[in-house]
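What follows is each chain in one-letter form.
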Amino acid sequence: MAVSLENRSMAEFEQKEFRELLESIRHVYGYDFTNYAEASVKRRVLHFMQAQHVESLDGLAKILVRDERMFELFIQELSVTVTEMFRDPLFFKCLRSKVIKRLATYPVIRIWVAGCATGEEVYSLAIILKEENLLERVIIYATDINQKSLEIARQGIYPLASMKTYTTNYIKAGGKRSFSEYYQAKYGSVLIDKTLRQNIVFAPHNLTTDNSFNEFQMITCRNVLIYFNQQLQDQVISLFYDSLCTFGFLGLGNKESLLFSEKKDFFEEVDRREKVFMKIP
Amino acid sequence: MKIIIIGCSAGGLQALSQVLERLSVGLSVPVVVIQHRANEHVNLLEEVLQHRCGIKVKQADEKEKIRPGIVYVAPPGYHLLFENDHTFSLSSDGPVKHSMPSIDVSLESAAMVFGKALVAIILTGASDDGATGIRTVRKYGGLTIAQDPAEAQFPHMPQSAIDTGCVRFILPLAGISNLLAARRFTSAHEEK
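This section reports on the structure supplied with the text. (Residues numbered from 1 in each chain as written. Chains lettered and ligands numbered in written order. Predicted model: local features only at pLDDT ≥ 70, side-chain atom pairs only at ≥ 80, totals over all residues.)

## Things to note about helix α5 (residues 89-103) of chain A
Residues and elements named next belong to chain A.
Phase 1 of the analysis: Taking 1.5 Å per residue, 15 residues should reach 21 Å; α5 reaches 20 Å between its end C-alpha atoms and fits that length.
Phase 2 of the analysis: A maximum bend of about 40° is found in α5 at Ser97.
Phase 3 of the analysis: For α5, the set of buried residues is Pro89, Phe91, Phe92, Cys94, Leu95 and Val99.
Phase 4 of the analysis: Packed against the buried residues of α5 are α6 (120-131), α8 (163-172), β7 (216-221), β8 (244-252), β9 (267-271) and β10 (276-279). (Helix = DSSP H or I, 4+ residues; strand = E, 2+ residues; numbered from the N terminus. Expected span 1.5 Å × (residues − 1). Bend = angle between axes of the 7 residues up to and from the residue. Buried ≥ 20, exposed ≤ 12 C-beta atoms within 10 Å, placed from the backbone. Contact = placed C-beta atoms within 7 Å.)

In structure tokens:
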């Protein structure tokens, strides 16, 4: 009995320290994780503590506040996500069948890939646009909070071992050519075709604190909202709403939805299953 | 709130069917299933389990309030986590031990939220996912159970959990099924 009581108070104590840690990070560095869904942040913080051999949350807070280099590492750990090329192939198939034709009516097409992580889905989008002969008219702004992920995205170098999965995904997504046309393989890695990168601008952007920077015909933000609490989700969806032109498209992750958002009635469902929406007047 | 989490991998469907078939409307706790699965586009697992189980089976949704009397199944391609307000959240942090959903990730998250109110059960599987999670569950005072490896279709996973020394009960499927159907998990005997 005594053991479980002790455990309980330990958990509560940790909770208080955990909130204090996020507050001091916000205060000192301006990175705001206080409205992130807690479970993931906690997991990543614990992971970081194990890797850096830090014993307590209190100890971690002290280190982060005085050591900027450690803080950089911490931010990388806290904001890293993984994806794959043509993740959820049917989402990309849906863009091809239901969105591309509408986009083609614009002389210049601006697309924002918000939370692009290491870039796999940005290049997937570029491939589709190329195959639909739109790429030359497109500017893709690919942003992420994580500088290291952005750097990988910018380089466009991925493990050769992933190509088998990506090729399958590409075919399921309605790919029209041989997927190997889009990369060069060398020493266990592949380099994504340079022509795909021409119209992509990679830039840092923090969805929790930064504003809109343009008007877009399409925004995709996949598997980012799952990391935010309801309040922050609402804030970010409002940001997307303000950044889209009327009849502009919003693409979310497979398990994300506008259902509980206050902006729900300002969007029309283009594809319920693939989570593609259109801003309506 | 008490909560039951069942982790399984290879051979899981058959084992789950047997464990869940006796659950009835009186169930006063939520049951969460973490089954390794391919990222398919139809919810076949949920449909099959629903067919064999007398209470509602559904895929866990992001931000969904966890309610008693429902069997939730972790969606493919994400980790399933638990928030302090007893809602689900999802993460896309990448596979752990080649698995997403990972049983370890879910158990560690649940242990921190539910503490001694958590019952964690490891069934058949060919990986050692769940072993780390079982340690954490035990550390936070939860009840840990593994399927008897002698009868498991793939004994490696329950055996790995048992090898941590943190498993409290080793039971055959029939015993686990009895436990879930027992009075302590039905509304007639709800604990605060």
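## Considerations on the sheet that holds β8 of chain A
Residues and elements named next belong to chain A.
Phase 1 of the analysis: Spatially, seven strands are ordered β6-β2-β1-β7-β8-β10-β9 in an open sheet, and the strand pairing comes out mixed. Where the open sheet ends on each side, the last strands, each with one partner, are β6 (200-204) and β9. Going across the sheet, the axis of each strand differs from the next one's by a mean of 20°, ignoring polarity.
Phase 2 of the analysis: As paired strands, β8 and β10 are joined by three bridges and run antiparallel to one another. Bridged to Phe249 within β10 is Met278.
Phase 3 of the analysis: In the packing of α6 onto the sheet, contacts are made with β1 (109-114), β2 (138-144) and β6, and the angle to β2 comes to roughly 170°. (Pairing = 2+ DSSP bridges. Axes fitted to C-alpha atoms, helices over the stretch in contact; angles between N-to-C directions.)

## Some points on helix α10 (residues 230-243) of chain A
Counting along an α-helix, one turn takes 3.6 residues, and residues three or four places apart therefore face a common direction.
Residues and elements named next belong to chain A.
Phase 1 of the analysis: Relative to the 20 Å expected for 14 residues at 1.5 Å per residue, α10 spans 20 Å between its end C-alpha atoms, a close match to the ideal helical length.
Phase 2 of the analysis: Buried within α10 are the following residues: Gln233, Val236, Ile237, Phe240 and Ser243. Seen end-on, α10 carries its buried residues on one side only, within an arc spanning 120°. Away from its buried face by more than 90 degrees, α10 exposes Gln231 and Asp242.
Phase 3 of the analysis: Packed against the buried residues of α10 are β1, β7 and β8. (Arc of directions from axis to C-beta.)

## Looking at the nonpolar core
Phase 1 of the analysis: The biggest cluster of nonpolar side chains holds 134 residues, and the ones touching the most others in it are Val122, Ala126 and Ile140 of chain A together with Ile5, Ile6 and Val33 of chain B.
Phase 2 of the analysis: For this core, the leading source of residues is helix α3 (residues 103-114) of chain B, giving eight residues.
Phase 3 of the analysis: With near-sequence residues (within four places) excluded, Val122 of chain A lies in contact with Val113, Cys116, Ile140, Ala142, Ala153 and Ile200 of chain A. (Core = buried A, V, L, I, M, F, W, Y, C linked by C-beta atoms within 7 Å.)

## Observations regarding the interface of chain B and chain A
Phase 1 of the analysis: At the junction of the two partners, chain B supplies 21 residues and chain A supplies 21 residues.
Phase 2 of the analysis: Among the secondary structure elements, those contributing two or more residues to the side of chain B that touches chain A are β5 (79-82), β6 (88-91) and α3 of chain B.
Phase 3 of the analysis: By residue number, the principal contributor to the side of chain B that touches chain A is β6 of chain B, which donates three residues.

## Describing the packing of helix α2 (residues 38-51) of chain A against helix α4 (residues 68-78) of chain A
Residues and elements named next belong to chain A.
Phase 1 of the analysis: One way to put it is that α2 packs onto α4 with a least axis distance of 9 Å and a crossing angle of 135°. In terms of orientation, α2 and α4 fall into the oblique class. Our pair here, α2 against α4, has a crossing hand that is right-handed. Contacts from Val41, Arg44, His47 and Phe48 in α2 reach Phe74, Glu77 and Leu78 in α4. (Parallel < 35°, antiparallel > 145°, perpendicular 65-115°, else oblique. Left-handed = near helix turned anticlockwise from the far one by under 90°.)

## Some words on the packing of helix α1 (residues 12-20) of chain B against helix α2 (residues 44-52) of chain B
Residue and element names in this part refer to chain B.
Phase 1 of the analysis: Here α1 crosses α2 at 35°, and the two axes come no closer than 9 Å. For the pair α1 and α2, the sense of crossing is right-handed. On α2, the residues that touch Leu13, Leu16, Ser17 and Leu20 of α1 are Val48, Leu49 and Arg52.
Phase 2 of the analysis: Each residue belonging to the contact of α1 with α2 can be placed in one class, and the counts come to five nonpolar, one polar and one charged. (Nonpolar A, V, L, I, M, F, W, Y, C, P; charged D, E, K, R; others polar.)

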